[in-house]
Amino acid sequence: VTPDMSCWINQSTVANILVDDEPLTVSDLVPVLRATVEVTDWYSLGLELGLPDHQLDTIRHDGYDETDRKRKMILKWMDAGVASWSSLVEALKSPLINKNGVAEQITKDHPRKYYTNC
């Protein structure tokens, strides 16, 4: 959604455009881990974030424990160049993850940096 189009969207998509969609990097790892502390199924989260099964299976076998696996999964997502707070929010809202409260908190904590006047 371009800034000019934000005036035309319906209410159901407002939360999605309000969250920051700038790319996340490894420097954002700790904030992402803190924001997702309630998410225990790192494998499903990885799938929702678009990581392929074979990468997640490698992480499952190479990870020390669940926390380490989640950290490695998030780093792999960030390395793919598609990581953003908005894509994380979408993944958290998916029926598979169903962490709407976490998604809402991220939206509040990481708002989009620009808005338009409608």
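Located above this text is the structure these notes cover.
Once a new chain begins, its residue numbering starts again from 1 and follows that chain's sequence as written. Only residues with pLDDT of at least 70 are given local features in this predicted model, and only at 80 or more are side-chain atom pairs given and counted; all residues enter the totals for whole chains, interfaces and linings. Each side-chain value is worked out from all heavy atoms of the structure, with water and hydrogens disregarded.

Structurally, the α-helix is built with 3.6 residues per turn, so residues lying three or four positions apart point the same way. A 1.4 Å probe rolled over the protein chains alone gives each residue an accessible area, and that area as a share of the maximum for its type sets the label: buried under 20%, exposed over 50%, partly exposed in between. Under the DSSP-based scheme used, a helix requires at least four consecutive residues in state H or I and a strand at least two consecutive residues in state E, with every element numbered from the N terminus. All of the buried residues in helix α7 (residues 100–109) are Val102, Ala103, Ile106 and Thr107. For α7, the buried positions fall inside an angular range of 140° around the axis, keeping them on one side. Exposed and oriented more than 90 degrees from the buried face of α7 are Gly101 and Lys108. Read the arc as the range of directions from the helix axis to the C-beta atoms.

For the rest of this paragraph, the subject is the pattern of salt bridges. Should a side-chain nitrogen of Lys or Arg be within 4 Å of a carboxyl oxygen of Asp or Glu, the pair is scored as a salt bridge. Tallied over the full model, the rule gives four salt bridges. Salt-bridge contacts for aspartate 57 lead to arginine 60; the nearest nitrogen and oxygen are separated by 3.7 Å. A residue pair is termed a helical-turn pair when its members lie 3 or 4 positions apart in one helix, as aspartate 57 and arginine 60 do in helix α4 (residues 53–62) at three residues. The exposure class assigned to arginine 60 is partly exposed, which follows from its relative accessible area of 38%. Bridged by salt links that share partners, the residues Asp68, Arg71 and Lys72 form one connected network.

In short, the description is geometric, and any link to function would need to be established separately.
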